[in-house]
Amino acid sequence: MEYIYHIIIFILLYSILVQSLNLIMGYAGMVSMCHAIFSGIGAYTAALISIHLGYNFIFAMAVAFVLAAVTGGLLATPFLRVRDEYLIVFTIGFQMVMYEFMLTARGITEGQGGIPGIPPPQLFGIEFVNPLTFLPLVVVITSICFAFSWRIIHSPFGRVLKAIREDESACRALGKNSLKFRVIVFGLGGGLAAIAGSTLAYYVTFVSPFTFVVDVSIFIIVMVVLGGLANFWGPLVGAAILVGLPEALRFIPGAAGVIDAVREILYGFILMLLMLFRPQGILPERAGRILAKFSGNEKPLQEDGFEIEAIGERYSSDPKKSVVELKDLSKSFGGLEAVKDVSLSLPYGEITGLIGPNGCGKTTIFNLITGYLTPDKGRVLVDGQEITNQAPYRIVKAGLARSWQDVRIFNGMSVLENVMVAFQEQAGENLALLFFSPRRVAEKERRNCQKAISYLNLVGLAEKANELAMNLSTAEQKLAAIARLLATECPVLLLDEPTSALDVDSVERIIKLIKRVAEQTRRTVLLVEHNLDVVRGLVRKAYFMSEGKVLAYGEPSELMANPKLAEVYFGID
Amino acid sequence: MYVLISQLLLNGIVTASLYALYGVSWGIIYRTTRIFHFSHHLIFALAGYTAALVTTELGLHYLLGLLLATAVAIALGCSIDAFLYRTLRRLQATQTTTFLASMGFATAGIGLIFLILRSNPRPLTGFPVVMLSIGPANFTTVDLIMIIVSWVLIAGLLIFLSRSRYGKAIRAVGSNMDMAKNLGISSDRVYTVVFAIGSGLFGVAAFLYTAKNCAVPMMGMLPFFMSFTAVFLGGVTNIAGHAVAGVVLGLAETLGMIILPGEYKIMIVFGLLLVVIILKPEGLLSRKRG
Amino acid sequence: MLLEIKDLKAGYGKKQVLHGISMSVDKGEIVALIGHNGAGKSTALKATFGLITPGEGEVIYEGMNMTDYPPGAKLDAGIYHIPQEQFLFNDLAVRDNLEMSFFTAKDQGRFESKLNGIYDMFPVLKKRLDQTAGTLSGGERRMLGIAMGLLREPKLILVDEPSSGLSPVAFQGVVQTLQEINNQGTAVLLVEQNVKVAFKISRRVYVMKSGQIILEETGQKLLERNQWWDLF
């Protein structure tokens, strides 16, 4: 019987490790090859504190959590800034370096022999020593860790993680500082792993470096993938199968000696086969069911009577003023002057077009305004405030939001989640508020949900709120992207070829929708388009660019009557 | 002190040469295919074991051991691409998925080695080991061969890439895969050649390594780590850069022992990587594209 | 008819860009394909050449159904595609780029003699043989792209916006080259933004909008109009 408890304890401890990796890999989409090391940091920290300082195990585990979280977050930051492959490079390196350290830094870790004689945890006079007494403790610890993970996952913070996983660039364009989120979740995942590691240390009463070798990091990965990435119960399933299964081998005579090797072969093949046939794992990811929570039933939803405010009026102090101004903007690439001394302004409440032949600099201007490029010279002002040179996610806070030519909807999230992730200043994205002000977070969520449904109603996608975004047609995805853009509640919208790749009928629909939306919310819109039907149908006035300069500004009919512009657009002899 | 430094310098040159070889062996694969080829370390191990077993258990000549080790490496490398990676490509798997599949295969493979051959070190027999010296520094024929062979192979690779028709095709695929497709150049076939070259180079390196040390199951892990570190340190696009970065790593690791005790070797390497990533993430030798 | 495209539908994954287009090019013709950016012109060329697999429709070349043929097969049949961007190997030298263009040709032995023919036609390139392609000027790059095509002696060339990134003078050189090629019998399907020039040199013109062909007309007739804004 004790043996069964022992196995359950191991399964539970591994499930914490796997859940913490699930946060990093499944929800945030980052591969970590050093997860075993974080549990090792936890184990060693707890051991050293308990043995040398004699403090209570709860204190020791708390210190272990903080140490692992901070170390992980800090060290990962420079690599997370670069590109995804670099995180693999970093985590493999970190795994190997720290493992060497555990093996050889005899002064701290006592080297290969490890640290024996860890005093058993004590609480209210109970000593947790054998599997029977330890099991309830592990159950409690596991529950706490799982509850902690649950709160994070099913929250606006978790929603941003998923958005980052789906498309980091698009997520930044919604005003989220993706680096901050990734560093935090990497650190937290490491911290939870440390909790598991320290609990293990207390259970077996010693720490040995061989417990945290690279194979273990790989095993944890196999477990998280097997159970199902981004599924909350996946870690339990994965741990149960992959910890339980090899134990069955112990009952085969003669197998005990080769159990390690067989485990490696088994895990390796399972991982390979999973990647080939079912990369998402056993349990599938479920798109957030926010709606069920608020309307109380599965059936979508009624109008909540939420009035879509005329957000554009945020900048209407003087309707004659220009909301956005570009002054003498210049940008060169190598020797090529893509944009030269461009000055333009967007009048309040109007849809302004930006047109011109290929290579005229429209896209460069667009990227300069939205922070994806830094100008060599010149300034960008919103409502008088300078936003030149700011990162894309800050531009959103200044009130400018952009759409993408290639849509960039978050495929793995529901339509409603797509819209809800776009709201600014969500209380639930702040972890402190998430855990200590749950009521405030819930209230904000409810409000945002109502607004989101209203936006979806506006674009005509209300029935598809719970549908996975990847199941929508291209035209529907563009509508969802517009709803998502509206949810940023930015008074200025920058639309980048909103009708590209659509057939004629869908183009008509989008034109009507943009017009209606812009008027109803009195927003200021900049429209970059090549399809002149769209320009004619939407804009009041447009800027005509060629070879990096602004040549003219006027109503489409004026521009098209201008023979000089025709020459530029259609070519000269 | 002079003795210590000159010995370390000599050791450093040997290590640097090996690391340069490691670097280009993985770099040519990554540069051309962008596959994070984790199974590279399995190939090293299998080549090493082949060399050890063939010479020790079967008593064959060490040159035959070299040949067989390289053949095994090439065969395995090409098979992994043909069966695993190509299938994943058809399934349009992401880079992460391919990386994980590669890792799974490598782990299973190492487990198999554990199962069949256990973990006791297997030596390579018959390689002529003669003590040599330059001034106060000592080295062996194995070290000398390591240096010579590494640089001959690296030079050969660079010449092949810049002068030969197929070498240019490899560079073309690595530089602009879409245009290569547009010209009807079969990326599948180019990938096979690239895996053959990269695995073959790593196989020779494994042979040399085993001649000096022994074959153990995880022998390929550290060389693999050095190989991709060199690639990212030097800058992915320039294969000569992989070699240079390998030299930097090898020298830094060995000469670092003047300051730090031997166990912290890998920390030096990791620290170097950390610094470069912070200061120049695209790699030391990569030209910033305008 | 050298090339016939019937009801072609194609796109990238879910994003369907071509919603059923039909075109034809006859031997020795220059046919232009114009329209606003994002109308699907590049996609039309790529789907014809086999870089994208069409979802529906047919590509018939010299009477044979080549809809699902990959680029290699189309090259062998005598079609050559010059993309709008990224049509060179920037890291390789000029000579190496030409060599790569000839890589899958069946008559490798004749490479050197064909190469000399190219040098005669493009003396500028001959001067820059060992220069890295990435360092060439815009006009030289286009010339190299076309030279690479000519090396394969195609019967039909698909050219995507050769004017992009070029000064009017440089573009004029490119246009002349295209006309010379055409005089020697090569048919050209030309996607072009500079529609005036396109109308001038093309016998027929197709106009695309939002993935469909909205007009087919002779170049001459279109030149006679006084405005073309409605085509975009």
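If you're wondering where the values come from, they're calculated on a predicted model, not measured in any experiment. (Residues numbered from 1 in each chain as written. Chains lettered and ligands numbered in written order. Predicted model: local features only at pLDDT ≥ 70, side-chain atom pairs only at ≥ 80, totals over all residues.)

A.B. asks: Teacher, can you tell me more about the overall build of chain C here?
C.D. replies: A tally of regular secondary structure across chain C gives nine helices and ten strands. The C-alpha atoms of chain C give 17 Å as radius of gyration, which agrees with the globular expectation for 232 residues (17 Å, within 12%). Expressed along its principal axes, the backbone C-alpha trace of chain C runs to roughly 45 × 40 × 30 Å. When the 232 residues of chain C are sorted by exposure, 47% land in the buried category. (Helix = DSSP H or I, 4+ residues; strand = E, 2+ residues; numbered from the N terminus. Rg over C-alpha atoms; globule rule 2.2 N^0.38 Å. Buried ≥ 20, exposed ≤ 12 C-beta atoms within 10 Å, placed from the backbone.)

A.B. asks: Looking at this model, I keep getting lost on the overall build of chain B. Mind explaining?
C.D. replies: A tally of helices and strands in chain B yields eleven helices and four strands. Oriented by its inertia axes, the alpha-carbon framework of chain B measures out at about 60 × 50 × 35 Å. Put simply, chain B has 290 residues, and 55% of those count as buried. Within chain B, residue pairs in contact and separated by at least 24 positions form 76% of the contacts whose partners lie at least 6 positions apart. (Contact = placed C-beta atoms within 7 Å.)

A.B. asks: Explain the interface of chain C and chain A here, please?
C.D. replies: It is common to report an interface's size as the accessible area lost on association of the parts. Every contact between the two is made by 24 residues of chain C and, on the other side, 20 residues of chain A. Residue contributions to the side of chain C that touches chain A peak at four residues, all from strand β2 (residues 15-25) of chain C. A per-class count over the side of chain C that touches chain A returns seven nonpolar, 13 polar and four charged. (Nonpolar A, V, L, I, M, F, W, Y, C, P; charged D, E, K, R; others polar.)

A.B. asks: I tried to follow helix α2 (residues 40-56) of chain B on my own but got confused; where do I start?
C.D. replies: Residue pairs spaced three or four apart in an α-helix point in one direction, given the helix's 3.6 residues per turn. Relative to the 24 Å expected for 17 residues at 1.5 Å per residue, α2 of chain B spans 24 Å between its end C-alpha atoms, a close match to the ideal helical length. Counting buried positions along α2 of chain B yields 15 of 17 residues, so the element is predominantly enclosed. (Expected span 1.5 Å × (residues − 1).)

A.B. asks: Which parts of the structure should I look at to understand the interface of chain B and chain A?
C.D. replies: Counting residues at the interface gives 33 residues for chain B and 32 residues for chain A. When residues of the side of chain B that touches chain A are traced back to their parent elements, those giving at least two are α3 (62-90), α4 (95-117), α9 (221-234) and α11 (265-279) of chain B. Looking at side-chain class alone, the side of chain B that touches chain A contains 24 nonpolar, eight polar and one charged residues.

A.B. asks: How should the pairing of strand β10 (residues 212-218) of chain C be read in this particular structure?
C.D. replies: Sheet faces and side chains relate simply in a regular strand, where the side chains alternate between the two faces. Residues and elements named next belong to chain C. Pairing geometry for strand β9 (residues 204-209) and β10, over six bridges, is antiparallel. Each residue of the ladder has a partner; that of V207, found in β10, is L215. Where β9 hands over to β10, the hairpin turn is made up of two residues, of which S210 adopts a positive phi near 45°. (Pairing = 2+ DSSP bridges.)

A.B. asks: Would you explain unusual backbone geometry in this entry?
C.D. replies: Peptide bonds are trans in most cases, and residues, glycine excluded, mostly fall at negative phi. Despite not being glycine, R408 of chain A shows a phi value in the positive range, around 60°. Within the fold, R408 of chain A resides in the loop between β8 (400-402) and α16 (415-420). Residue R408 of chain A is classed as partly exposed on the basis of its C-beta count, with 17 C-beta atoms lying within 10 Å. Located in the positive-phi region is E62 of chain C, a residue other than glycine, with phi close to 50°.

A.B. asks: Just to check I follow, could you spell out the nonpolar core for this structure?
C.D. replies: One finds V222, L456 and A483 of chain A to be the most contacted residues of the largest nonpolar core, which totals 366 residues. The biggest single contributor to this core is helix α8 (residues 187-212) of chain B, with 14 residues. When sequence neighbours within four positions are dropped, the list of residues in contact with A483 of chain A reads V419, Y455, L456, V459 and L461 of chain A. (Core = buried A, V, L, I, M, F, W, Y, C linked by C-beta atoms within 7 Å.)

A.B. asks: Looking at this model, I keep getting lost on the sheet that holds β10 of chain C. Mind explaining?
C.D. replies: Strand pairs in the sheet, formed through backbone hydrogen bonds, run parallel or antiparallel to each other. Residues and elements named next belong to chain C. Read from one edge of the open sheet, six strands run β6-β7-β8-β3-β9-β10, paired in mixed fashion. This sheet does not close on itself; its edge strands, each paired only once, are β6 (79-82) and β10. Along the sheet, successive strands turn relative to each other by an average axial angle of 15°, direction set aside. (Axes fitted to C-alpha atoms, helices over the stretch in contact; angles between N-to-C directions.)

A.B. asks: Whenever I open this one, the sheet that holds strand β5 (residues 64-65) of chain C confuses me. Can you help?
C.D. replies: Residue and element names in this part refer to chain C. Reading across from one edge, β2-β1-β4-β5 is the order of the four strands in this open sheet, with antiparallel pairing throughout. Each end of this open sheet is capped by a strand with a single partner; those strands are β2 and β5. Pairing geometry for strand β1 (residues 3-12) and strand β4 (residues 56-61), over five bridges, is antiparallel. Each residue of the ladder has a partner; that of I5, found in β4, is V59.

Keep in mind these numbers describe shape, not what the thing actually does.
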